[in-house]
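Commentary on secondary and tertiary structure
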Amino acid sequence: MLEYDGISELIKAAPKRLADGRELLQKPSRNANHSGAETRHLVGAVYIAGYAVEAILKAYVIAQTDALTAHKGLRIQRWSDLLRYRKQIGASPDLEGRRSHNLQLLLQAADLDPDLSTDTTVSAAVAQCIKVWKPALRYCPRATFDRDRAQNTLDAIETTYNWVRIRIISG
Amino acid sequence: MASQTTSFAHIKPEIERVLEESFGPGAAVSVEQGYAGRAHVKIVTPKLNGLTEEQKQQLVWDALRRGLGEDAQLVAFVLPYGMDEL
């Protein structure tokens, strides 16, 4: 059974993960003068902040599906409810398991994309999130990001989060 | 649903043709179905090397709008890569 998969939990958690990432971009407080201190937490910053986009896209898809099925009285409010419904109707793309962390698949499941074609800033930010972020970053042993790239990626994450967030209308 | 599938089936080869004409035969183009039959486009080409993400978006969207005209609205999302990103 999934934990913390309710739409309100996802909406509340998303900005917190972004804030966690912003904090990790700051100069470390421990061993601040040691070699590599400047880049020590940058992968962690991007990794944790990226969950803001995953969470808010999931929240959007839940809200979208709940609205579409309102006439059936289903009340889809959790990611697990959504997966069950999508399986029943044979919906594509498959969002089960690790696919639920795939930002491109989440975007394909959402009806957000018409707006993307008209806003290059947002479409660039979304593209950057999709290119850079994946859960496997948690296993990355190297300082893959320099400060500029980490900062740019977090900015793209924030742009994407804000853009999706204002489009959620949840009951 | 049928019209969405028809739209995607119609637009997919057109997108591939337009992008190959714009970026050359060396461009790798992938077109997948997004929400409601709209197209999500992935392109990899050295002609996008060294550009910012916004510049990449602009170049590809400009090519799509020039080549597809009104049908460009059937394209919903573009994911452009330079070879230097791989």
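Residues numbered from 1 in each chain as written. Chains lettered and ligands numbered in written order. Predicted model: local features only at pLDDT ≥ 70, side-chain atom pairs only at ≥ 80, totals over all residues. Heavy atoms only, no water.

In this assembly, 21 residues from chain A lie in contact with 22 residues from chain B. At the boundary of chain A with chain B, the tally comes to two salt bridges. Applying the counting criterion to the chain A and chain B interface returns seven residue pairs in polar contact (both at pLDDT 80 or more). Elements supplying a minimum of two residues to the side of chain A that touches chain B: α2 (42-68), α4 (103-109), α5 (113-116) and α6 (120-132) of chain A. When residues in the side of chain A that touches chain B are grouped by element, the largest group, nine residues, is from α6(A). Among the residues making up the side of chain A that touches chain B, the classes are represented as 10 nonpolar, eight polar and three charged. (Contact = heavy atoms within 4.5 Å. Salt bridge = Lys/Arg side-chain N within 4 Å of Asp/Glu carboxyl O. Polar contact = N/O pair within 3.5 Å; in protein donor to acceptor, adjacent residues only side chain to side chain. Helix = DSSP H or I, 4+ residues; strand = E, 2+ residues; numbered from the N terminus. Nonpolar A, V, L, I, M, F, W, Y, C, P; charged D, E, K, R; others polar.)

Right, let's get into the packing of aromatic side chains. The geometry of two aromatic rings is summed up by the distance between their centres and the angle between their planes. Residue and element names in this part refer to chain A. Counted under the stated rule, the structure contains two aromatic pairs over all chains. Measuring from centroid to centroid gives 4.9 Å for Y51 and W133, while their planes differ by 80°, and the two rings are edge-to-face. Taken as a pair, Y51 in helix α2 and W133 in the loop between α6 and α7 (147-165) lie far apart in primary sequence, 82 residues in all. A single burial state applies to Y51 and to W133, both of which are buried. (Phe/Tyr/Trp six-rings, centres within 6.5 Å; stacked < 30°, edge-to-face > 60°. Buried < 20%, exposed > 50% of the residue type's maximum accessible area, 1.4 Å probe, protein only.)

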